[in-house]
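Chains, contacts and geometry: an overview
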Amino acid sequence: MTNADDPVKFNVDSKGFYIVLYPLEDWNKWIKLFQDASKITKLTSQDYSQLLYDSSVLAGAGHLPITIPLELTAVLKHKEDFSVWNTGSSIFSQFWPIFRTNETTGINALMQNTFKAYVQSLVSTVYNNYGLQSAEPGLFQEQRLRSEVSSFACAYGLDRCLLEAQVEYKKWRTQGSSISANIRATVLRYAIQESTDKSDWEYLWNVYTKTWQTSVKLDYLQALAQTSNKELLTL
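In this report, the structure presented in the accompanying data block is examined. Note that the structure is predicted; figures quoted are calculated from it, not measured. (Residues numbered from 1 in each chain as written. Predicted model: local features only at pLDDT ≥ 70, side-chain atom pairs only at ≥ 80, totals over all residues. Heavy atoms only, no water.)

Applying the stated criterion across every chain, the model contains ten salt bridges. With a shortest N-O distance of 3.3 Å, Asp47 and Lys9 are connected by a salt bridge. On the criterion of sequence distance, the pair formed by Asp47 in helix 2 (residues 45–60) and Lys9 in the segment before helix 1 (24–34) is long-range, its members being 38 residues apart. Of the charged contacts, one joins Asp200 and Lys170 as a salt bridge, the two residues approaching to 3.0 Å between their closest N and O atoms. Taken as a pair, Asp200 in helix 9 (residues 198–209) and Lys170 in helix 7 (residues 159–175) lie far apart in primary sequence, 30 residues in all. Assessed through its relative accessible area of 33%, Lys170 is described here as partly exposed. Each of Lys170, Arg173, Asp197 and Asp200 takes part in one network of salt bridges that share partners. (Salt bridge = Lys/Arg side-chain N within 4 Å of Asp/Glu carboxyl O. Helix = DSSP H or I, 4+ residues; strand = E, 2+ residues; numbered from the N terminus. Buried < 20%, exposed > 50% of the residue type's maximum accessible area, 1.4 Å probe, protein only.)

Counted by the stated rule, this structure contains one disulfide. The disulfide partner of Cys154 is Cys161, and the S-S distance across this bridge is 2.0 Å. Judged by the torsion about the S-S bond (-95 degrees), the Cys154/Cys161 disulfide is left-handed. For Cys154, a relative accessible area of 2% translates into the label buried. A relative accessible area of 0% means that Cys161 is categorised as buried. (Disulfide = S-S within 2.5 Å.)

This part covers the packing of helix 9 against helix 10 (residues 214–224). The contact between helix 9 and helix 10 brings their axes to 10 Å, and the two run at 150 degrees. Relative to helix 10, the element helix 9 is oriented roughly antiparallel. Between helix 9 and helix 10 lies a crossing whose hand is left-handed. The segment helix 9 lies against helix 10, with Trp201, Leu204, Trp205, Val207, Tyr208 and Thr209 engaging Lys217, Tyr220, Leu221, Ala223 and Leu224. (Axes fitted to C-alpha atoms, helices over the stretch in contact; angles between N-to-C directions. Parallel < 35°, antiparallel > 145°, perpendicular 65-115°, else oblique. Left-handed = near helix turned anticlockwise from the far one by under 90°. Contact = heavy atoms within 4.5 Å.)

Let us look at the environment of Thr125. Considering the arrangement of structural elements, one finds Thr125 in helix 5 (residues 106–130). Since its relative accessible area comes to 42%, Thr125 is described here as partly exposed.

Turning our attention to the nonpolar core. In this structure, Trp27, Trp30, Phe92 and Leu204 are the most contacted members of the largest nonpolar core, which totals 64 residues. Per element, the largest residue contribution to this core is eight residues, and it comes from helix 4 (residues 82–99). When sequence neighbours within four positions are dropped, the list of residues in contact with Phe92 reads Leu70, Thr73, Leu76, Phe115, Tyr118, Val119, Leu122, Phe152 and Tyr156. (Core = buried A, V, L, I, M, F, W, Y, C linked by side-chain atoms within 4.5 Å.)

Going through the model one piece at a time under the given rule, you end up with 19 aromatic pairs. With 5.6 Å between their ring centres and 55 degrees between their planes, Phe92 and Phe152 make a pair best called tilted. Of this pair, Phe92 sits in helix 4 while Phe152 sits in helix 6 (residues 140–155), placing them 60 residues apart in sequence. Pair check on accessibility: Phe92 and Phe152 agree, each one buried. Between Trp205 and Tyr208, the aromatic rings sit 5.4 Å apart at their centres with planes inclined by 35 degrees, giving tilted as the arrangement. Of the two residues, Trp205 and Tyr208 both sit in helix 9, three residues apart, roughly one turn of that helix. Among the residues examined, Trp205 registers a relative accessible area of 40% and is labelled partly exposed. Each member of the aromatic cluster is reached from another via a ring pair, and the members are Trp85, Phe92, Trp96, Phe99, Phe115, Tyr118, Phe152 and Tyr156. The ring of Tyr208 has Lys217 lying over it, and the distance from NZ or CZ to the ring centre is 4.0 Å. (Phe/Tyr/Trp six-rings, centres within 6.5 Å; stacked < 30°, edge-to-face > 60°. Lys NZ or Arg CZ within 6 Å of the ring centre and 35° of its normal.)

Here's what the structure looks like:
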């Protein structure tokens, strides 16, 4: 880093197979840097991913407060890079069970809603460029980023993502339009999850029974399991 007060980054570009436990003071400096969009380009994508990964592993082992990796994820708001988003989303998957609850009121529900609101604030801007109805990216890494971001956005209840999943499903069902393989699983999964129309499930079931391609069939099967209509799952 160029500023004398900035922390020193070890294991540059994550070339070594080891985790770095910085002093808590340095972790807090990293958090401050990650929240400053003007300084986001100071490190490589591998560096950002490594710092996110190291902090989550150390927090999981009890060597850091879980607030450290969660606050470091602020970088996601400013980075449109697959490796960074892939690592960042794994952090939320790691800690989501701590906040997840079936309660609708009380402190547990408040914690869950606060967690989801924070996640949505991170993904909403990036989703504008890599959402379900965005233009299909040309580069492979951008296609992977679109898949990662759209799946992440829908998983944590971003309204626009859930709505677009339903729109894309309806277009596929009624107009015969194609769904890109990179977002097919996300579109089908959340369209069926949000649908209250029994015929949406029945249509996908019918397509599933006539499909022989294993990877596509698996996407269909996993989507069918997302329905909230329990009767359909016993047919």
